[in-house]
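Working through the structure, step by step
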Amino acid sequence: MSLYFLLLLLSVAVPFLLSFDKRLQFYKKWKYVLPSIFIVAAVYIAFDIYLTKLGVWGFNPRYLSGIFLFHLPLEEWLFFIIIGYASLFLHFSIIEYFPQAKVSEKWTRIITILLFVLSISLVFLYHDKMYTAYISLTTAVALAFAYFDKTQTISSFYITFLVILIPFLIVNGILTGSFIESEVVWYNNEENLGIRLFTIPIEDFGYGFSLILFNLLLINGLKRNPTNK
């Protein structure tokens, strides 16, 4: 079993088992959660394939199963499904136990506007750095949709994301070279800002933030669809 696959397995094992907890009953949300995960994953994987082909990042075969599809290792395909599931499980679990864990409407709007302006600024300032520009634009689009989302999902997500960052730092830390001899995923520093928290490129935080936020927004949309009632 590859190290990358083992990390994914450990990431999803507890969330999957607790999905059937009597209070959480996360499995009842699968009709919204699973379609969202696969739709969002399809978009991110398409860009992942393209950026891998361009050499923006790549993968160390030492830590992989050796199974590739469109230049991406099998583990990378599973990443968007498994990490997406685990992150959404954690988000909804926190809301279930701490329903008041959210930012006020006023501050939600302020934070969202500031993050949007920052993201757009990074796109223009670093348009020559492909990873920075790509994820900054992606984050800006997610924030724009969230700003006009009537459910104000992002007000609670600002809190839950801080908790999600704990397993994120562990898993992404290992993938980028923390605690192991060499990284599982390598990055071309010519295409990013070169700023890292431990071994994690700063752009990865925007990557994770936008990935989960798009899922939450899509879940809201699926819930509003009469055919999913």
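Residues numbered from 1 in each chain as written. Predicted model: local features only at pLDDT ≥ 70, side-chain atom pairs only at ≥ 80, totals over all residues. Heavy atoms only, no water.

**Things to note about the packing of aromatic side chains**
Under the definition given, this model contains 26 aromatic pairs. Here F16 and W30 contribute two aromatic rings whose centre-to-centre distance is 6.2 Å and whose plane-to-plane angle is 15°, an arrangement assigned as stacked. Highlighted residues: F16 in helix α1 (residues 3-18) and W30 in helix α2 (residues 30-54), separated in sequence by 14 residues. Judged by its relative accessible area of 40%, F16 falls in the partly exposed class. Sitting over the face of the ring of Y147, R109 holds its NZ or CZ atom 5.0 Å from the ring centroid. (Phe/Tyr/Trp six-rings, centres within 6.5 Å; stacked < 30°, edge-to-face > 60°. Helix = DSSP H or I, 4+ residues; strand = E, 2+ residues; numbered from the N terminus. Buried < 20%, exposed > 50% of the residue type's maximum accessible area, 1.4 Å probe, protein only. Lys NZ or Arg CZ within 6 Å of the ring centre and 35° of its normal.)

**As for the pattern of salt bridges**
A full pass over the atoms with the stated rule returns 3 salt bridges. With a closest N to O distance of 3.3 Å, R23 and E96 form a salt bridge. Pair noted here: R23 is in the loop between α1 and α2 and E96 is in helix α3 (residues 74-97), with a separation of 73 residues, a long-range link. Residue class for R23 comes out partly exposed when judged on its relative accessible area of 45%. On the basis of relative accessible area, E96 is assigned to the partly exposed category, the value being 34%. We note a salt bridge from R109 to E105, for which the minimum N-O separation is 3.8 Å. Pair noted here: R109 and E105 are both in helix α4 (residues 105-125), with a separation of 4 residues, about one helical turn. With a relative accessible area of 29%, R109 lands in the partly exposed category. (Salt bridge = Lys/Arg side-chain N within 4 Å of Asp/Glu carboxyl O.)

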